[in-house]
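The lines below spell out each chain.
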Amino acid sequence: NRIQQFVELLVGRIENIEQKLDIFSQPACIELLEEAAEQACGGENDLKRITLARLIAASINDGLVNHETDRLLLAILGEMTDYELLHLLNHFKNSRWGIDEAYESILRSAQSVLELRISYTDSPQAESDRHEVQRAHKARLERLGLLANEGTASAPRYNSTRIARLLLRRVDAIAPRE
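Small disclaimer: the values here were computed from a predicted structure and weren't measured. (Residues numbered from 1 in each chain as written. Predicted model: local features only at pLDDT ≥ 70, side-chain atom pairs only at ≥ 80, totals over all residues. Heavy atoms only, no water.)

**Points about the packing of helix α3 (residues 46-61) against helix α5 (residues 82-93)**
- Taken N-terminus to C-terminus, the directions of α3 and α5 make an angle of 70°; their axes are 9 Å apart at the nearest point. Taken together, the axes of α3 and α5 are roughly perpendicular relative to one another. In this structure, α3 crosses over α5, and the sense of that crossing is left-handed. Residues Leu-47, Lys-48 and Thr-51 of α3 lie in contact with α5, whose contacting residues are Asp-82, Leu-85, Leu-86 and Leu-89.
- For the contact of α3 with α5, the class distribution of residues is four nonpolar, one polar and two charged. (Axes fitted to C-alpha atoms, helices over the stretch in contact; angles between N-to-C directions. Helix = DSSP H or I, 4+ residues; strand = E, 2+ residues; numbered from the N terminus. Parallel < 35°, antiparallel > 145°, perpendicular 65-115°, else oblique. Left-handed = near helix turned anticlockwise from the far one by under 90°. Contact = heavy atoms within 4.5 Å. Nonpolar A, V, L, I, M, F, W, Y, C, P; charged D, E, K, R; others polar.)

Pasting the structure below:
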């Protein structure tokens, strides 16, 4: 059951849960929990549920101090497909930030999906289609403000944005900047 898995992941990340029970009755917490639970039910795989649980747990562990920021990050996650979340994480895999081991494991199992597709004019149609789908996902990540194309339209070079790094730090996917 997807919701049960989400709740188990969430509870496992909340520090001193017994001392934070009053937070769960606050409207801000209820709002975050409802939205995250709805998204967790729709996720195709564990990645989205893990990420949602980590975000909500971070918010609860902070006493909802970053509620507005977490609402924004939750909305961004709601707009992302599982593939786009995988791609964003993959973008950080070999960066100076590195990736948390739990996410690294998920990325290893998804490498065939994340493999860069290059299409040439004489490429088979299926390969050209996969290349275009990858480009469309990167364009969506750019529209969501998570990647910035610092190249050209014909030769894109994507870099992560500050909001992408904030999202991944908030869910402990990458380490905070020192």
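Alright, that's what it looks like, and here's the rest.
**Let's talk about unusual backbone geometry**
- Residues other than glycine seldom take positive phi values, yet Asn-16 does so here, at roughly 50°.
- As for its position among the elements, Asn-16 is in the loop between α1 (2-13) and α2 (27-42).

**Notes on the environment of Leu-21**
- Mapping Leu-21 onto the fold places it in the loop between α1 and α2.
- For the pair Leu-21 and Ile-60, spaced 39 residues apart in the sequence, the C-alpha separation amounts to 9.8 Å.

**Focus on the environment of Glu-38**
- With respect to the element layout, Glu-38 can be found in helix α2.
- Taking the C-alpha atoms as reference, Glu-38 lies 9.3 Å from Gly-78; in sequence the two are 40 residues apart.

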